[in-house]
Every structure is written in C-alpha cells, then in structure tokens.
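Next come the chains, spelled out residue by residue.
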Amino acid sequence: MSIAFARDAGTAAYYDKRAREYDDWYTGEGRFASRERPGWREEVIRLVEFVAALPAARTLDIACGSGFLTRHLAGLVVALDQSPAMVALTQSRLPEGVAMTGDALNLPFPGGAFNRVITGDFYGHLPEDEREHFLAEARRVAPELIVIDSALRPGLPASRTEERVLNDGSRHHVYKRFLSPTQLAAEIGGEVLFTGTWFVVARSVQV
Ligand SMILES: C[S@@+](CC[C@H](N)C(=O)[O-])C[C@H]1O[C@@H](n2cnc3c(N)ncnc32)[C@H](O)[C@@H]1O
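Residues numbered from 1 in each chain as written. Predicted model: local features only at pLDDT ≥ 70, side-chain atom pairs only at ≥ 80, totals over all residues. Heavy atoms only, no water.

**Brief notes about the packing of aromatic side chains**
Aromatic rings in a pair are described by how distant their centres are and how their planes are angled relative to each other.
Argument step 1. Enumeration according to the criterion identifies 15 aromatic pairs in this entry.
Argument step 2. Ring centres 5.0 Å apart and planes at 90 degrees place the aromatic pair phenylalanine 109 and phenylalanine 114 in the edge-to-face group. Phenylalanine 114 shares its class with phenylalanine 109; the two are buried.
Argument step 3. When the ring of phenylalanine 122 is compared with that of phenylalanine 134, the centres are 5.5 Å apart and the planes differ by 75 degrees; the resulting orientation is edge-to-face. In this pair, phenylalanine 122 is assigned in the loop between strand E4 (116-120) and helix H5 (128-141) and phenylalanine 134 in helix H5, connecting sequence segments 12 residues apart. As far as burial versus exposure is concerned, phenylalanine 122 and phenylalanine 134 are alike and both buried. (Phe/Tyr/Trp six-rings, centres within 6.5 Å; stacked < 30°, edge-to-face > 60°. Buried < 20%, exposed > 50% of the residue type's maximum accessible area, 1.4 Å probe, protein only. Helix = DSSP H or I, 4+ residues; strand = E, 2+ residues; numbered from the N terminus.)

Structure representation (structure tokens):
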C-alpha cells in the first residue's frame, strides 16, 4: 500500500476531528500532559518568538492547523488548511487576516500572489510524491519558503507510521518523518534558520 498524507481521506478526517484538542500538543495539556519532553515548553516559546520576529510580508501559511503559530505572523496573512474545523479556529485567532479551506497540493492562488510561504509540521508528513507537488506549488505562489518541522532526535527513525489516539479514544495512523536541520535545508535548497531539540526551521529563496 502506498503512503499518503495530504491526499489521504482518513488523515483529513483525523485532523478535522483533532482540531479542538490540537493545541494540547503545543501546550502539554490533555493527553500530552504525561509526555516526557525535556525542554519542550522553552523551545515552543523560542519557536513562537522566531515566528513573531519574521519581517512582515504577504504570507501564505499552508496547512495552518489551529493557527497556534499563524497568529504570530506579521503582515498580510492568508492561512489555508483542508480542515474546516482548523480553519475556523485559525480565523478566530487572525482578526486582520483570512483563513480558508483549500488543498496544499493545488493552491487556489495565481503565481506570485505572496512574498512568503510558511508551513509548520506539514512538509515532514509528506511522502516523496506529495513533497514534490507541495514544493512546486509553494514555489509557484511565492519566492520565499520557510519550513518548520519536527527535529530528528537520537533513537528516532527517520520516518514511521504513528498511531495517534484522540480524546474520544479513536485511533488513527499518520505518516511522519523527522528531519535534521541540514537534511531539511538540503531538501528545500536553502539554509537552516532554527536548530532545536524538537523543531527545525529552514528557508529557501528563489531568485
Ligand atoms: C500537523 S498539523 C500542522 C498544523 C500547523 N501548521 C502547526 O504547525 O501546528 C497538519 C495540518 O495539515 C493539514 N493538511 C493535511 N493535508 C492537507 C492538504 N492537502 N491541504 C491543506 N491542509 C492539509 C491538516 O488538516 C492539519 O491541520
């Protein structure tokens, strides 16, 4: 069976269902309260500060999720996600911006519509064919691409299919990769901007 994420109906249903409890991953509440994640809280704060410090730009946040990071972006912000529940949450946190449903692999925007694309914890979920589509779409709509993702840590495989359990007890399967800073930068053809235990960020710019 081939791996899919962005094109997988089960994954789409999973994230829509997870929207209300999604921030627990960041805040360490709910099911994440018992997770051993040394330095997590401090690093999330550092990541939020990194996002807030990005120069203002006409930005498209692809696969914005609940808007946990999106709300800190400066400039004209459009946030896109395929989950209506995630989009509703993001819109409630983005009074000056627009959140909308849409497909990251088939963006509903003309070429060059934005200065910057940013995406958080999405790229690292994509199998190779979806990755190629995503990168082509991101580059079509903006010259700058910033990818925030999950760091490769000692003892972790580079990729795996994870079982995820939601508060209602439902079980879901999600493909995920973990990336070193240099691997991520090499894949997108850019430079490393943030190296953490939990998160990595890289940026590429087309001239
Ligand atoms: C792990 S969450 C990341 C959310 C957020 N960017 C963050 O950093 O917290 C992945 C998100 O990708 C979205 N997603 C999955 N496939 C998508 C697609 N084809 N188009 C748009 N969004 C998609 C899901 O709905 C989910 O909100």
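**A few points about the site of the ligand**
Argument step 1. The environment of the ligand is made up of 20 residues, and the closest members are Tyr26, Ala63, Asp81, Ala104 and Gly120.
Argument step 2. Alanine 6 is positioned such that a nitrogen or oxygen atom in its backbone is 3.0 Å from a nitrogen atom of the ligand.
Argument step 3. Tyrosine 22 has a polar side-chain atom sitting 2.9 Å from an oxygen atom of the ligand.
Argument step 4. Protein coverage of the free-state accessible area of the ligand, which is 600 Å², stands at 98%.
Argument step 5. Classifying every residue of the shell around the ligand by side-chain character gives 11 nonpolar, six polar and three charged. (Near = heavy atom within 4 Å. Polar contact = N/O pair within 3.5 Å; in protein donor to acceptor, adjacent residues only side chain to side chain. Areas by Shrake-Rupley, 256 points an atom, 1.4 Å probe, with all protein chains shown as cover. Nonpolar A, V, L, I, M, F, W, Y, C, P; charged D, E, K, R; others polar.)

**Re the nonpolar core**
Argument step 1. With 63 residues, the main nonpolar core has Leu60, Ile62, Phe122, Phe134 and Phe199 as its most contacted residues.
Argument step 2. With six residues, helix H3 (residues 40-52) is the largest single contributor of residues to this core. (Core = buried A, V, L, I, M, F, W, Y, C linked by side-chain atoms within 4.5 Å.)

**Thoughts on the side chain of serine 66**
Argument step 1. Inspection of the secondary structure puts serine 66 in the loop between strand E1 (59-62) and strand E2 (77-81).
Argument step 2. Judged by relative accessible area, serine 66 falls into the buried class, the value being 1%.
Argument step 3. Apart from the residues within four sequence positions on either side, serine 66 is in contact with Tyr22, Asp23, Met86, Leu89, Thr90 and Arg93. (Contact = heavy atoms within 4.5 Å.)

**Some thoughts on the UniProt feature "domain: Methyltransferase" (unreviewed entry) in the protein**
Argument step 1. Mapped onto this numbering, the UniProt entry gives "domain: Methyltransferase" (unreviewed entry) at residues 60-141.
Argument step 2. The distance from the first to the last C-alpha atom of residues 60-141 is 9 Å, and the span holds 28% helix and 21% strand. (UniProt positions renumbered as here; feature names shortened; annotations may be inferred.)

**Details of the pairing of strand E8 (residues 191-195)**
Remark: a regular strand shows side chains that alternate across the two faces of the sheet.
Argument step 1. Summarising the sheet, E8 and strand E9 (residues 199-205) pair through four bridges and their orientation is antiparallel. Looking at the pairing, valine 192 lines up with alanine 202 of E9.
Argument step 2. Once E8 ends, the chain turns through three residues before running back antiparallel as E9. (Pairing = 2+ DSSP bridges.)

**Observations concerning H5**
Argument step 1. Across its 14 residues, H5 extends 20 Å between first and last C-alpha, which sits within 8% of the 20 Å expected from 1.5 Å per residue.
Argument step 2. Buried residues of H5: Glu130, Arg131, Phe134, Leu135, Glu137, Ala138 and Val141, and no others. Each buried residue of H5 lies within a common arc of 165 degrees when the element is viewed along its axis, so the set occupies one face. Looking at H5, the residues exposed on the side facing more than 90 degrees away from the buried face are Glu128 and Glu132. (Expected span 1.5 Å × (residues − 1). Arc of directions from axis to C-beta.)

**Things to note about the sheet that holds strand E5 (residues 144-150)**
Argument step 1. Taken in spatial order, the seven strands of this open sheet run E3-E2-E1-E4-E5-E9-E8, and their pairing is mixed. Unpaired on one side and paired on the other, strand E3 (98-101) and E8 mark the two borders of the sheet. Across the sheet, the axes of successive neighbouring strands diverge by a mean angle of 20 degrees, strand direction being ignored.
Argument step 2. Direction of pairing for E5 relative to E9: antiparallel, over a ladder of seven bridges. Paired with leucine 145 across the bridge in E9 is serine 204.
Argument step 3. The sheet strands contacting helix H4 (residues 84-92) are E2 and E3, and the helix crosses E3 at an angle near 175 degrees. (Axes fitted to C-alpha atoms, helices over the stretch in contact; angles between N-to-C directions.)

**Details of the environment of serine 170**
Argument step 1. Relative to the helices and strands, serine 170 is located in the loop between strand E6 (159-165) and strand E7 (171-177).
Argument step 2. Assessed through its relative accessible area of 16%, serine 170 is described here as buried.
Argument step 3. Sequence spacing of serine 170 and tyrosine 14 is 156 residues, and the spatial spacing of their C-alpha atoms is 9.1 Å.
Argument step 4. If sequence neighbours within four positions are ignored, serine 170 has contacts with Lys17, Arg164 and Val165.
Argument step 5. A polar contact of 2.8 Å, which involves the side chain of serine 170, links it to the side chain of histidine 172.

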